[in-house]
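Structural description and commentary
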Amino acid sequence: MASNVIEVRGAVKHFGDTRAVDGVDLSVRAGELFGLIGHNGAGKTTLFKMLLGLLPPTGGEIRVAGQPTHGEAFRQARRGIGYLPESLALYDNLSGLETLQFFARLKGADPASCGSLLNKVGLGDAGRRRVRGYSKGMRQRLGFAQALLGSPLLLILDEPSNGLDPQGIREFYQILRELRERGVTVVLSSHILAEIQLRVDRLALMRAGKIQALGTVHELREALNLPLDFRLILSPDGAEPLRRALERQPDASLQLDGAIAHIRCPRERKMAVLGVLAGLDRAIVDLQIREPSLEDVFLGYSDIAR
Amino acid sequence: MKTSVEFKPVAVIAGKEFRDRIRNRWVLAVALVFAAFALVIAYFGAAQQGAVGFRGIDVTIASLVSLVIYLVPLIALILGYDAIVGERERGSLELLLSLPITPLELLLGKYLGLAGALACSTLGGFGLAGVALAWKLGLVGLAHFAGFIASALLLGLAFLSIALLLSVLAGDRVRASGLAIALWFFYVLVYDLLLLGILVLSERRFDLGFFPVLLYLNPADIFRILNVFGFEEVRKLYGLATVLPATLASPWLLGGAMVAWIVAPLGLAVWRFK
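These lines cover the structure that appears in this document, whether it is placed above or below.

What counts, and at which threshold
- Residues numbered from 1 in each chain as written.
- Chains lettered and ligands numbered in written order.
- Predicted model: local features only at pLDDT ≥ 70, side-chain atom pairs only at ≥ 80, totals over all residues.
- Axes fitted to C-alpha atoms, helices over the stretch in contact; angles between N-to-C directions.
- Helix = DSSP H or I, 4+ residues; strand = E, 2+ residues; numbered from the N terminus.
- Parallel < 35°, antiparallel > 145°, perpendicular 65-115°, else oblique.
- Left-handed = near helix turned anticlockwise from the far one by under 90°.
- Contact = placed C-beta atoms within 7 Å.
- Core = buried A, V, L, I, M, F, W, Y, C linked by C-beta atoms within 7 Å.
- Buried ≥ 20, exposed ≤ 12 C-beta atoms within 10 Å, placed from the backbone.
- Nonpolar A, V, L, I, M, F, W, Y, C, P; charged D, E, K, R; others polar.
- Pairing = 2+ DSSP bridges.

Overview of the packing of helix α3 (residues 57-80) of chain B against helix α9 (residues 219-228) of chain B
For any two helices packed against each other, the geometry is given by the interaxial angle and the distance between the axes. Residues and elements named next belong to chain B. Taken N-terminus to C-terminus, the directions of α3 and α9 make an angle of 160°; their axes are 10 Å apart at the nearest point. If you check the angle between α3 and α9, you find them roughly antiparallel. You can see that α3 and α9 cross each other, and the crossing is right-handed. Counted together, Ile61, Ala62, Val65, Ile69 and Pro73 of α3 and Ala220, Phe223, Arg224, Asn227 and Val228 of α9 form the full contact between these two elements.

See the structure below:
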């Protein structure tokens, strides 16, 4: 499909007997913010390197921006790809500005744009300082600025929020949002699932070199049919009425922790449990319903794999 | 699929490597070392014969050859051994190769940048000494000295090429540095002893017609022959005329062999790096 920026068909990568990527099929649409999650060693970084043409596939076919990931045509395509590696190494003896100008020249981007890029990632004041003196978060911001050189059409970001403080993470995703609005495709991996669950359009869960699940966060959650969690704050004498009322709901489990009660029930029993709780208005001070998080989904798929 | 070589990324990498060596004063330091040694040797080179002061271009170059054979290969190997393996170990190689630059362009850029730094040091250091000695050298002497500088540069470029091959082959920087030292030890200290040993042990029992060719397998020996064959006295001093026929001592042939020593390891490095 022409609107797919990334097309992966049956991609395989072996390192000796190890199957780092084992028959991956994946399509990422233009303008999509796509997440790739998985345990350490699941094959995410290897897949990223294959997408960048850094590792040739042992088998299968990979096309990025319509090109196979080797040869002269892909060299041109690389001008439109920004990459932030997981282990970012920069040149300590250069200043932030010099670093960016060096990469800009290699990428064929305008070195004059480096100053505004540094401002964009919050390093405007540190641009003339040597990278040697940068904190981990500042290096990560500089690495991100490097990935943004030359107005890329595709960003491949491996653990991009490594070392960023909460403010930095917010600013980082704000920039990604702006880029996506301009049609830039973003593929990123992260171990901080709470951070990406509200931000990605779709995601793939990798395990042992394979795509175990693929879809929106909602679709993945639905597919697993994970139970719902209710968190209640009880009045001082609310525990006993709640216990008695839930005896008529055998699918719901109750856990009491002082004035806090946790109820877990299958998704399809949600309205029935809510009905029971509605009749206990004097016993309950407050109520929260928590949907399964991406972390729950991730752990759910881990249980399936076991 | 073939990929063309673009000049711009080569120039960007070469420029960075060169500027790095200028900024950290590597070029200046090595140039000063070369200049100081050259001047000291020019003045005290004949001290063993009980004389002090400039004693002529032949004696000066004969002394400088010994110095250069020890110093230049070592400096070139140290300069280039971590060019690739260092980037790989730090993790910056992956980022570089994700950009529109091919491994060949990266390697060429590294080589040219480092070669530029080495050339500046060699030309600057020995050139400074040449300027200081110019009034004593005369035109012919100056021409000989210029030839010596050019051959010293070729020697450095050959060992730099070997260093880049090591840098591509080695798994980590420690191994690369160990290999670099071992190679220096072999080519500069061991190789000639081995040849001498073969000569002595053979006691004319074998046909040693191939023997002079063995000298071509060591860039340090090529450098030595290039410099000493021009001077009758020095040639006798080294005893080279007894083992090397004049046909094999042609400066063009020797120069060509040195260029081969630059191109071949670099070519192997490119092939392996791809």
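Structural notes on the nonpolar core
Grouped together as the largest cluster of nonpolar side chains are 154 residues, with contacts concentrated most on Ile156 and Val186 of chain A together with Leu160, Ala163 and Leu164 of chain B. At 27 residues, helix α6 (residues 103-169) of chain B tops the list of elements feeding residues into this core. Among residues more than four places away in sequence, those in contact with Ala163 of chain B are Ala76, Leu77, Leu79, Gly80, Tyr81 and Ala180 of chain B. Of all hydrophobic cores here, the second largest spans twelve residues; its members include Phe230, Leu246, Ile263 and Ala283 of chain A.

As for the interface of chain A and chain B
On the chain B side, the residues contacting the 19 residues of chain A number 18 residues. Of all the elements in the fold, those that place two or more residues in the side of chain A that touches chain B are α2 (71-78) and α3 (96-107) of chain A. No other element matches the five residues that α3 of chain A contributes to the side of chain A that touches chain B. Grouping the constituent residues of the side of chain A that touches chain B by class yields eight nonpolar, five polar and six charged.

Brief notes about the packing of α6 of chain B against α9 of chain B
Residues and elements named next belong to chain B. Look at α6 against α9: their axes get within 10 Å of each other, and the N-to-C directions meet at 175°. Classified by the interaxial angle, the pair formed by α6 and α9 is roughly antiparallel. Taken together, the residues of α9 that come into contact with α6 (itself represented by Phe148, Ser151, Leu155, Ala158 and Phe159) are Pro219, Ala220, Phe223, Leu226 and Asn227. Split by residue class, the contact of α6 with α9 holds eight nonpolar, two polar and no charged.

Here's the deal with the sheet that holds strand β10 (residues 210-215) of chain A
Residues and elements named next belong to chain A. The strand order across the open sheet formed by six strands is β6-β7-β8-β3-β9-β10, and the pairing between neighbours is mixed. Of all strands in the sheet, those with a lone pairing partner are β6 (81-84) and β10, marking the two edges. Between one strand axis and the next, the sheet turns through 15° on average, direction left out of account. Packing of helix α5 (residues 136-147) onto the sheet brings it into contact with β6 and β7 (154-158), and relative to β6 it is tilted by some 165°.

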